[in-house]
Amino acid sequence: MKKHISMIAILAGIFFLITACNSNTKKRQEIMKADKNELNAIFPKGEKGSADLFTGNAYNIGLVDVDSVFTTAVGNVFFEPGARSNWHSHPAGQILIITDGVGYHQIEGQAIETIKKGDVVKCPPNVRHWHGASPQVGLQQIYIVPNTEKGIVDWQEAVTDEQYKK
């Protein structure tokens, strides 16, 4: 009888441990999934971008104002999942440093590239392109626009859903 009670106690203990471990694993997976969609902000979010220039929610904060000494504009853009810029070009080009998240970049006539934390993207002068977040994960980028005496940006039409989903 004692062996029978001991065996039941052992089985109950094993069942409890398995249930507890599965529960903790599920909680960790849910937390990891939520964290995947949270970006680690380096700079404040900034001002919401105009619906005339962005699809979805994108926020910009200037970090280095245009002046005659450095002739460079630097800022940070935070794209919520699915947000993207319109087609645009820069007279002197643009450099993007991806600081967090996952997104897309496309130069007109080329395939869409996936961009992620740690990537550096060079947009050639006067070449149409767009960039933004993936549908599931946001994107944070630092932009550098050199030689601002040549101009900063020429905004164009919105990137269609069809173009974005390619």
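Source: prediction; values computed, not measured.

## Some words on the overall build of the protein
No. 1: For the protein, the helix and strand inventory stands at two helices and twelve strands.
No. 2: Starting at the N terminus and ending at the C terminus, the protein contains elements arranged as α-β-β-β-β-β-β-β-β-β-β-β-β-α.
No. 3: Within the protein, the fraction of its 166 residues that count as buried is 34%.
No. 4: Nonlocal contacts in the protein, meaning residues at least 24 apart in sequence, comprise 71% of its contacts between residues at least 6 apart.
No. 5: For the protein, the exposed area adds up to about 10,300 Å²; of that, 59% sits on carbon and sulfur atoms.

## Here's the deal with the confidence of the model for the protein
No. 1: The share of residues in the protein with pLDDT of 70 or more is 78%, and the mean pLDDT across the chain is 85.
No. 2: Confidence drops under a pLDDT of 50 for residues 11-36, and excluding neighbours within four residues, the segment shows one contact in the predicted structure.

## Notes on the nonpolar core
Soluble, globular proteins show a tendency: their nonpolar side chains are buried together.
No. 1: Residues Phe79, Leu96 and Leu139 are the most contacted members of the largest nonpolar core, which totals 15 residues.
No. 2: Among the elements of the structure, strand S4 (73-79), strand S7 (94-107), strand S9 (120-123) and strand S11 (139-145) are those that each provide at least two residues to this core.
No. 3: Setting aside residues no more than four positions away along its own chain, leucine 139 makes contact with Leu39, Val77, Phe78, Phe79, Ile98, Asp100, Gly101, Val102, Gly103, Ile115, Gly132 and Ala133.
No. 4: Of all hydrophobic cores here, the second largest spans five residues; its members include Trp87, Trp130, Val159 and Tyr164.

## A closer look at the packing of aromatic side chains
No. 1: Here the structure, examined in full by the defined rule, presents five aromatic pairs.
No. 2: A centroid spacing of 6.2 Å and a plane angle of 35° characterise the contact between tyrosine 59 and phenylalanine 78, whose relative ring orientation is tilted. Highlighted residues: tyrosine 59 in strand S3 (residues 58-64) and phenylalanine 78 in strand S4, separated in sequence by 19 residues. Side by side, tyrosine 59 and phenylalanine 78 carry an identical accessibility label, which is buried.
No. 3: Plain terms: the ring middles of tyrosine 104 and tyrosine 164 are 5.6 Å apart, the flat faces sit at 65° to each other, and that makes the pair edge-to-face. In this pair, tyrosine 104 sits in strand S7 while tyrosine 164 sits in helix H2 (residues 161-164), placing the two residues 60 residues apart along the sequence.
No. 4: Classification of tyrosine 164 by relative accessible area gives buried; the value is 8%.

## Overview of the environment of arginine 128
No. 1: Among the structural elements, arginine 128 can be located in the loop between S9 and strand S10 (129-133).
No. 2: Beyond its immediate stretch of four places on either side in the chain, arginine 128 contacts Trp87, His88, Ser89, Gln106, Ile107, Glu108, Gln156 and Glu157.
No. 3: Only 2.5 Å separates the side chain of arginine 128 from the side chain of glutamine 156, close enough to count as a polar contact.

## What about the pattern of salt bridges?
No. 1: If you walk through the whole model with that rule in mind, you get five salt bridges.
No. 2: Of the charged contacts, one joins arginine 128 and glutamate 157 as a salt bridge, the two residues approaching to 2.8 Å between their closest N and O atoms. Of this pair, arginine 128 sits in the loop between S9 and S10 while glutamate 157 is found in the loop between strand S12 (154-155) and H2, placing the two residues 29 residues apart along the sequence.
No. 3: Looking at glutamate 157, the relative accessible area reads 42%, which means it is partly exposed.

What counts as what
Residue positions are given per chain, counted from 1 along the sequence in the order it is written. The predicted origin of the model limits local features to residues at a pLDDT of at least 70 and limits the giving and counting of side-chain atom pairs to 80 or more, whereas totals for whole chains, interfaces and linings rest on all residues. Side-chain measures were taken over the full set of non-hydrogen atoms in the model, leaving aside hydrogen atoms and water. Where helices and strands are cited, they refer to DSSP runs of H or I of at least four residues and of E of at least two residues respectively, numbered from the N terminus. For the exposure calls, accessible area comes from a 1.4 Å probe over protein chains only, and a residue counts as buried if that area is under 20% of its type's maximum, exposed if over 50%, partly exposed in between. Contacts are residue-level and defined by heavy atoms, with any inter-residue pair within 4.5 Å sufficient. Under the convention used here, a 1.4 Å probe and the Shrake-Rupley method define accessible areas, while residue burial counts only the protein chains that appear. Along the chain, pLDDT gives the predictor's confidence residue by residue, from 0 to 100. As used here, the term nonpolar core means buried Ala, Val, Leu, Ile, Met, Phe, Trp, Tyr and Cys residues forming a set that is joined through side-chain atoms within 4.5 Å. In summary, the pairing rule links any two rings of Phe, Tyr or Trp, Trp by its six-membered ring, whose centres are within 6.5 Å, and it sorts them by plane angle into stacked for under 30 degrees, edge-to-face for over 60 and tilted for everything else. Pairs of N or O atoms within 3.5 Å make up the polar contacts considered here, provided that, within protein, one atom can donate a hydrogen while the other can accept it, and that residues adjacent in sequence are counted only when both atoms are side-chain atoms. When a carboxyl oxygen of Asp or Glu is within 4 Å of a side-chain nitrogen of Lys or Arg, the pair counts as a salt bridge.

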